[in-house]
Amino acid sequence: MEKIGEQTIKFNTPPTILECAAIVGPKEAQGPLAKYFDQTLDDEFWGEKTWEKAESKIIKETVSTVISKAGISSKEIDCMFAGDLLNQCISSCFGLRQLNIPFFGVFGACSTFVESLMLGSICVEGFANKVLCATSSHFCSAEKQFRFPLELGNQRPPSSQWTVTGSGAAILSKSGKGPYVTNITPGKIVDMGIKDANNMGAAMAPAFADTLISHLVDTGRNPSYYDAIFSGDLGYIGKEIVIDILKSKGYNIKSNYNDCGVLIFDKTSQDTHSGGSGCACCGTVFSGYLFKQLREKKLKKILLIATGALTNSTTTQQGETIPRNCTRN
Amino acid sequence: MDPLESKETYKQYVDKKSPNSPILKNCFNAFWVGGLICSIGQIIFNICKERGFDTQMSGTIVSIILIGIVAFLTGLNLFNKIGKFAGAGSLIPITGFANSIVSPAMEYKSEGHVMGIGGKMFTVAGPVLVFGISTSIVVGILYLIFNAQSITLV
């Protein structure tokens, strides 16, 4: 592991993403990526009494799915990184408490999945043989914590995004045949003063652009080096803004760039406005869809940049955005 | 142009880039749904009057019936769909107020009856109550000052 340029880390023995799993809720099951997920749920409760319990169950089941798919026992996992949107990361803590694996709680809002992968990769390059990374989010529990009760008859502005119900999990391993995590670029905190909590795409887009440019400069690559570049969940508005910003900085990413929040829902039939968001957005799209594309070699080199908007439920102020960035090929 | 030149330019750029709510459509829906709700209220009012209730009592009965209907529709998960369609049309009449109390009560039921339902029931309606009641007190004091004479007459 060595640092290259300003903020990128290059792995000398790149960790392999051994296996991924994703479970999603009923709305995601109607979306265009439905067939890529391991399991889709019929209702938001999944037999539990509360949404929080349901979210814990989703992450628990996703993790046991990924462990059994990888054909290993949970004792082989040296540590795990997990997080979600709820206060104190309770979904992850309650969902994973029976696993008996050393646990690091991670909070990076929508960027949690990529942040976990980055920290996990560093561990694998260091002491660990196998590391588990998992995230979850739940539309109902997130609305309850951050916005209004679901039964309240209000209107969502066109720039708002829809929190993905589901969970994505991945196991990183020291040895394996790939796909590999070759470089990671932790992003800086970028705050361009957007205060509208219903326009997260606009708040996060500058952070995405900043991290992408730092990554390209550090590695000496062009956007065309990658088969595809994905953002975590900027949504439709954020996606357009990013293309504009990068154009003004002299980078053209229009041809090979897309967004996980745009991919997971069908905007016209599902009424999700600007697209998907939440920890599970990037988590399930990567674990379900992108990982399979990499494994089947349909995509060889991808750059995944997840961004998180730190919306605080007390102040409802969109303060800063924390972008995270992770490359694999 | 570089949208990231300063926070100000970025804000202007984002405002231009973000789609606006469909105001005309929203206003139209709010107008006819709000009008419909008020008409239903008026019909109930007229029926009450016919049955011999006085004006004040009829008004109270209208409020109770509308609140009851909306609480029921909220419980059936139907009122949020009406609210999404009609916006202010269903929010401004007493229907919106009823919905804003019943919906957190339902949402926080899982946290128990006292701290859940009891503690969170007014999270949405709270500000309306605080400022509504505060305003009525201020208006009352002003009335007292400027109409002191008429009050003493009473």
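All values reported here derive from a predicted model rather than from experimental measurement.

Conventions we followed
Residues numbered from 1 in each chain as written. Chains lettered and ligands numbered in written order. Predicted model: local features only at pLDDT ≥ 70, side-chain atom pairs only at ≥ 80, totals over all residues. Helix = DSSP H or I, 4+ residues; strand = E, 2+ residues; numbered from the N terminus. Rg over C-alpha atoms; globule rule 2.2 N^0.38 Å. Contact = placed C-beta atoms within 7 Å. pLDDT = per-residue confidence, 0-100. Pairing = 2+ DSSP bridges. Axes fitted to C-alpha atoms, helices over the stretch in contact; angles between N-to-C directions. Nonpolar A, V, L, I, M, F, W, Y, C, P; charged D, E, K, R; others polar. Buried ≥ 20, exposed ≤ 12 C-beta atoms within 10 Å, placed from the backbone. Domains from an automatic or database assignment.

Let's shift gears to the overall build of chain A. If you tally the helices and strands in chain A, you get ten helices and 15 strands. Radius of gyration (C-alpha) of chain A: 18 Å, near the 20 Å computed for a compact globule of 329 residues. In terms of overall dimensions, chain A has C-alpha extents of about 55 × 50 × 35 Å along its principal axes. Taking as baseline every contact in chain A between residues at least 6 positions apart, the subset at least 24 positions apart corresponds to 79%.

What follows concerns the confidence of the model for chain B. Scored by pLDDT, chain B has a mean of 89; 95% of the residues are at 70 or more. Interface scoring of the predicted complex returns ipTM 0.80; its pTM is 0.87.

Residues and elements named next belong to chain A. Spatially, the six strands line up as an open sheet ordered β4-β3-β9-β7-β5-β6, and their pairing is mixed. The sheet is open, and its two edges are formed by β4 (39-40) and β6 (103-105), each paired on a single side. Against the sheet, helix α4 (residues 112-125) engages β5 (79-84), β6, β7 (130-137) and β9 (166-173), with an angle of about 170 degrees to β7. Across the face of the sheet, helix α10 (residues 279-295) comes into contact with β3 (16-24), β5, β7 and β9 while running at roughly 60 degrees to β9.

Right, let's get into the interface of chain B and chain A. Chain B puts 31 residues into the contact, and the matching count from chain A is 26 residues. Those elements giving two or more residues to the side of chain B that touches chain A turn out to be α1 (7-17), α4 (79-86), α5 (88-91) and α6 (94-107) of chain B. Tallying contributions element by element places α6 of chain B first for the side of chain B that touches chain A, with seven residues. Of the residues contributing to the side of chain B that touches chain A, the split by class is twelve nonpolar, 13 polar and six charged.

Another aspect to go through is the pairing of strand β11 (residues 228-231) of chain A. Bridge count for β11 of chain A against strand β12 (residues 257-259) of chain A is three bridges, and the pairing is parallel. Within β12 of chain A, the residue paired with F230 of chain A across the bridge is N258 of chain A.

Next up on the list: the confidence of the model for chain A. Residues and elements named next belong to chain A. The pLDDT averaged across chain A works out to 87; a share of 94% of its residues lies at or above 70. Per-residue pLDDT, averaged within each element of chain A, yields its smallest value for strand β15 (residues 318-328) (41) and its largest for β7 (95). Scored below 50 in pLDDT, residues 313-329 makes 76 contacts in the model with residues more than four places away or belonging to other chains.

Quick look at the pairing of β7 of chain A now. All names here are of chain A. Burial runs high along β7: eight of the eight residues are buried. Here β7 shows two buried faces, one formed by K130, L132, A134 and S136 and the other by V131, C133, T135 and S137. Where β5 meets β7, six bridges bridge the pair, whose relative direction is parallel. Residue pairing in the sheet places M80 in a bridge with L132 of β7. Of the strand pairs in this sheet, β7 and β9 are connected by eight bridges, and their pairing is antiparallel. By the bridge assignment for β9, V131 is matched with L172.

Let's shift gears to the environment of I43 of chain B. Residue and element names in this part refer to chain B. For I43, the position within the fold is in helix α2 (residues 23-50). On the neighbour-count criterion, I43 (11 C-beta atoms within 10 Å) is exposed. Separated by 19 residues in the primary sequence, I43 and V62 have C-alpha atoms spaced 9.0 Å apart.

Trans peptide bonds make up most of the peptide bonds, and negative phi angles are found at most residues other than glycine. All names here are of chain A. The phi dihedral of D271 falls on the positive side, at around 55 degrees, and the residue is not glycine. One can find D271 in the loop between α9 (267-270) and β13 (276-277). A positive phi is found at H273, a non-glycine position, where the angle reads about 55 degrees. Along the chain, H273 falls in the loop between α9 and β13.

This brings us to the domain arrangement of chain A. Residues and elements named next belong to chain A. Domain annotation for chain A reports domain 1 (2-173) and domain 2 (181-328). Domain 1 and domain 2 are separated by 17 Å when their C-alpha centres are compared. Between domain 1 and domain 2, the contact holds 58 residues from the first and 57 residues from the second. Per-element accounting of the side of domain 1 that touches domain 2 gives the leading share, seven residues, to α4. Partitioning the side of domain 1 that touches domain 2 into residue classes produces 29 nonpolar, 22 polar and seven charged.

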